[in-house]
Amino acid sequence: MRPTTEADLAEAIAAATAPLLVRGGGTRTIGQAVGDVLETGGLTGVALYEPGALTLVVRAGTPVAEVERVLAADRQRLAFEVPDLRGLLGREGVSTIGGVVAANASGPRRVQVGAARDALLGVRFVDGSGTVIKNGGRVMKNVTGYDLVKLLAGSRGTLGVLTEVSFKVQALPEAEATLVIGGLGDEAGLAALRRALGSPFDISGAARHSGQSLIRVEGMAGSVAYRLDRLRALVGGDVKVAEAAVSAALWRDVRDVALFHDKPGEVWRIVTLSTAAAEIAGRLAGEALWDCGGGLIWLRLDHGRGAEVAAAVAGRGHATRVRGDGGPVFPPEAPEVALLAAGLRAKFDPRGILNAGLMG
Amino acid sequence: MDMPEPDLGVIARKARIVARMRAALPVDAVIDAPEELRVYECDALTAYRCPPLAAVLPRTTAEVSAVLRIACEEGVPVVPRGSGTSLAGGAMPTADSVILGVARMNAVLETDYDNRFIRVQSGRTNLSVSGAVEAEGFFYAPDPSSQLACAIAGNIAMNSGGAHCLKYGVTTNNLLGVTLVKMDGTVLTLGGPWGEPAGLDLLGVVCGSEGQLGVVTEAWLRILPKPEGARPVLVGFDSNEVAGACVSDIIKAGILPVAIEFMDRPCIRATEAFAKAGYPDCEALLIIEVEGSEAEIAEQLTRIRQIALAHDPVEFREAADEDQAKRIWLGRKSAFGAMGQLGDYMCLDGTIPVSSLPHVLKRIGEMSVQFGLDVGNVFHAGDGNMHPLILFDANKPGDLEKCEAFGAEILKLCVEVGGCLTGEHGVGIEKRDLMSVQFDAADMEAQMRVKDVFDPKWLLNPAKVFPLGVSETRRAG
Ligand SMILES: Cc1cc2nc3c(=O)[nH]c(=O)nc-3n(C[C@H](O)[C@H](O)[C@H](O)COP(=O)(O)OP(=O)(O)OC[C@H]3O[C@@H](n4cnc5c(N)ncnc54)[C@H](O)[C@@H]3O)c2cc1C
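Residues numbered from 1 in each chain as written. Chains lettered and ligands numbered in written order. Predicted model: local features only at pLDDT ≥ 70, side-chain atom pairs only at ≥ 80, totals over all residues. Heavy atoms only, no water.

> What is the right way to read the overall build of chain A from this model?
Looking only at helices and strands, one finds 13 helices and 17 strands in chain A. Its C-alpha atoms give chain A a radius of gyration of 21 Å, near enough to 21 Å, the size a compact globule of 360 residues would have. Split into buried and exposed, the 360 residues of chain A put 60% on the buried side. Within chain A, residue pairs in contact and separated by at least 24 positions form 73% of the contacts whose partners lie at least 6 positions apart. Here chain A contributes 40 positively and 38 negatively charged side chains, and the mean placements of these two sets differ by 3 Å. (Helix = DSSP H or I, 4+ residues; strand = E, 2+ residues; numbered from the N terminus. Rg over C-alpha atoms; globule rule 2.2 N^0.38 Å. Buried < 20%, exposed > 50% of the residue type's maximum accessible area, 1.4 Å probe, protein only. Contact = heavy atoms within 4.5 Å. Lys, Arg positive; Asp, Glu negative; His and termini not counted. Charge placed at Lys NZ, Arg CZ, Asp CG, Glu CD.)

> What should I look at first to understand the domain arrangement of chain A in this one?
Much of the literature gives interface size as the accessible area that the parts lose upon coming together. Residue and element names in this part refer to chain A. Segmenting chain A into domains produces domain 1 (6–171 + 339–348), domain 2 (175–255) and domain 3 (258–323). Of note, the centres of domain 1 and domain 3, computed from C-alpha atoms alone, are 26 Å apart. Where domain 1 packs against domain 3, one counts zero salt bridges. For the pair domain 1 and domain 3, the number of links is two residue pairs in polar contact (both at pLDDT 80 or more). Those elements that provide at least two residues to the side of domain 1 that touches domain 3 are helix 3 (86–89) and helix 5 (110–113). (Domains from an automatic or database assignment. Salt bridge = Lys/Arg side-chain N within 4 Å of Asp/Glu carboxyl O. Polar contact = N/O pair within 3.5 Å; in protein donor to acceptor, adjacent residues only side chain to side chain.)

> Is there a simple way to explain the pairing of strand 11 (residues 205–209) of chain A in this structure?
Within a regular strand, the side chains alternate between the two sheet faces. All names here are of chain A. Burial within strand 11 is extensive, with five of its five residues counted as buried. Pairing of strand 11 with strand 12 (residues 212–219) involves five bridges; the strand directions are antiparallel. Paired with G205 across the bridge in strand 12 is R216. Remark: two residues form the turn of the hairpin made by strand 11 and strand 12, two consecutive strands paired antiparallel; S210 in that turn has positive phi of roughly 50 degrees. (Pairing = 2+ DSSP bridges.)

> Would you explain helix 16 (residues 399–416) of chain B in this entry?
Each α-helix winds once per 3.6 residues, and so residues spaced three or four apart point in a common direction. All names here are of chain B. Between the first and last C-alpha of helix 16 there are 26 Å, a value that for 18 residues agrees with the 26 Å anticipated at 1.5 Å per step. Within the span of helix 16, buried status applies to D399, L400, C403, F406, G407, A408, I410, L411, L413, C414 and V415. Taken together, the buried residues of helix 16 touch strand 16 (344–347), helix 15 (357–371), strand 17 (375–380), strand 18 (388–392) and helix 17 (435–438). G418 occupies a position one or two residues after helix 16 and carries a positive phi of about 105 degrees. (Expected span 1.5 Å × (residues − 1).)

> Even after reading the chapter, I still don't get the environment of B:G292, so can you show me in this structure?
Topologically, B:G292 is positioned in the loop between strand 14 (284–291) and helix 12 (294–309). Ignoring any residue separated from it by four or fewer positions in sequence, one finds B:G292 in contact with B:E228, B:G229 and B:I297.

Written as structure tokens, this is what we have:
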């Protein structure tokens, strides 16, 4: 099924008699859901774009590339840097903006501006009984009623099928540059990222891989130059500067986890505290890419080490298996939290037909 | 404004309910003397008052859990309360309800500068969270004007904003995790110091749920390093349209001021008479604040000046020193007080798309004539969050009703142009009956389902947010 209007989508869900597998472009789906494929790719188009108010309202099936093109024409962008996971997951297809929201997919700028959910102003979606629901809106500050916008972001199609999403967008900065720091071990290299993040220099990316720590600043040209200077003095190590397109390419690779493309094994996405990150990666002895100042570890391991990962992370965050077969994909939740999540799914999707069993 | 009829059965059982709570909590934690309950009869929406059945002031999460378990068993509604500064009546009780105040829970539990978070008990005031990390050069970003008094508990419940949220976001963008006690007494953790949730973003829906889903007892908050410096400029215009266009151009240019505040002529005049900040007598005034080192501030202000001058302002005033910076903020910070000198006022906080600013201000001016009530506008222009202050005379029969009717028309206008009823103060009882202007039945039903899951008996702050007619069958069950 590939409806082209919200009304048709609602009708399709209302009429469904078997489970539905909700799919945007299928470029970032993880976990196993089964059912008849319901594609959102037919719901396309920009509903509203007001550059002067930093607002974009767009239908959920619109390709991410199209959204980025529209914004770039006015020198704007989605602040949260949408990762392209096709290379990592070995997928093809056209990534949709609804899929981005459903996965709360967010890149390295998260340390500065938050995740997709933080830029998301409003949603329209169809719940499991075929009812159209809206929440939030198109304005930047809105506390009218409950914030279902946040609930839908990252719900991976299990509470409803998104049909329209609105964002607060961001103007492109005049300049960007990255400090590339070599000569530090992982522990010291992550500590350097923390020092930068604890400074007033407004870091927009803090990552580490392949023996190098990367610290990005963006903004007006003079300000970027000033902050680079100050940061250089702060972090130590053997420092080089990458500017403009060279810097952008470094962060595209971090964002898309390019390090693991074409390499075998499981890939885990571990959310933790920066101060625990070197130890966790060291203990599991895999190949690591640290993002978000170390608060996020992408870890490549041999297959079948799920139990060890869970043990290493326990009490210090959580781990999701984004690539590889066998064993659970999503981390377990505390029983009382799982109960609430199950309760919400039962309310929004009483027949249990939307991506059933995907998240638990 | 209606409130549901109190449950007389609950009121009749007051002695037993209080006794059970006294048995479970330290002696000084349960208050039931009528004269002591006065304090809890309203929040900052003082036009509406009702003393509660009792008030409890626990000191620990375990005590909160014990109180809620008893209330749940007894079928007593519970109204959570932080500092009682809600402008929406969110913390106003009903005669059959128990106020659960977290004011005594104000400890700092953990500070971690390496991972940049603080964990506090929820009764801690907003400003004292920043106070706790200030010496290390950090701060907690959301800064409601009430920050000296309001508690993190209330901030989370209302998803409060502040003058600096243009750059730093509102509460939900700075909240990492909470300890939450459900109405049945279950204690759970949502989120954690690492921020990102493992499954559904339940924290995201708890934030802004106005005390209807659970009682927040502890919170992990993101702390940020303090900027090197900050400086405001003041720009006066002789039309609202032009001021609005200037705001748009600054935003479009990619400059990210931490604040863009807007005042219109009635508000400028009132604050001048009151605070004598030396503002120009003009139609519209912007205060724009930027942050950074000296050189960064200069770089941004140069650009802002270019943009502003292109709009032919009546004045562009930079602060040469700390003292002048304070004077620029003085009028804005005294605006509410100044309007208060002119009479009683009601403060609205609808949000509109920035592009609708001139239209909305013009309509508000016309309505002001129609209703015969004066109104001044002061607001966060960068994000379209308006604060029209309607003046009325509480002692004049019918004036409050007239003011509320005027307010309702303004909020409907906000929704009509693509905005919303409330940008940061919350719905509470104040905007409850306007919810259907913004939401269809299905939209509200979806929200109420969330409450069904967290609080199936609808005992937690039940008479708020949703129009009474809409929530009636649930509250009765
Ligand atoms: C002069 C003035 C200026 C203001 N300026 C701003 C501003 O700039 N920005 C802004 O956003 N707001 C502003 N406000 C509104 C108000 O201060 C905020 O809504 C604030 O967050 C309320 O906090 P509180 O602790 O006083 O909460 P309360 O008034 O006690 O309660 C507010 C709501 O929170 C719920 N609640 C309280 N404690 C808990 C808990 N532990 N668990 C669950 N729910 C709970 C209550 O039931 C109620 O619904 C202002 C108010 C005043 C009086």
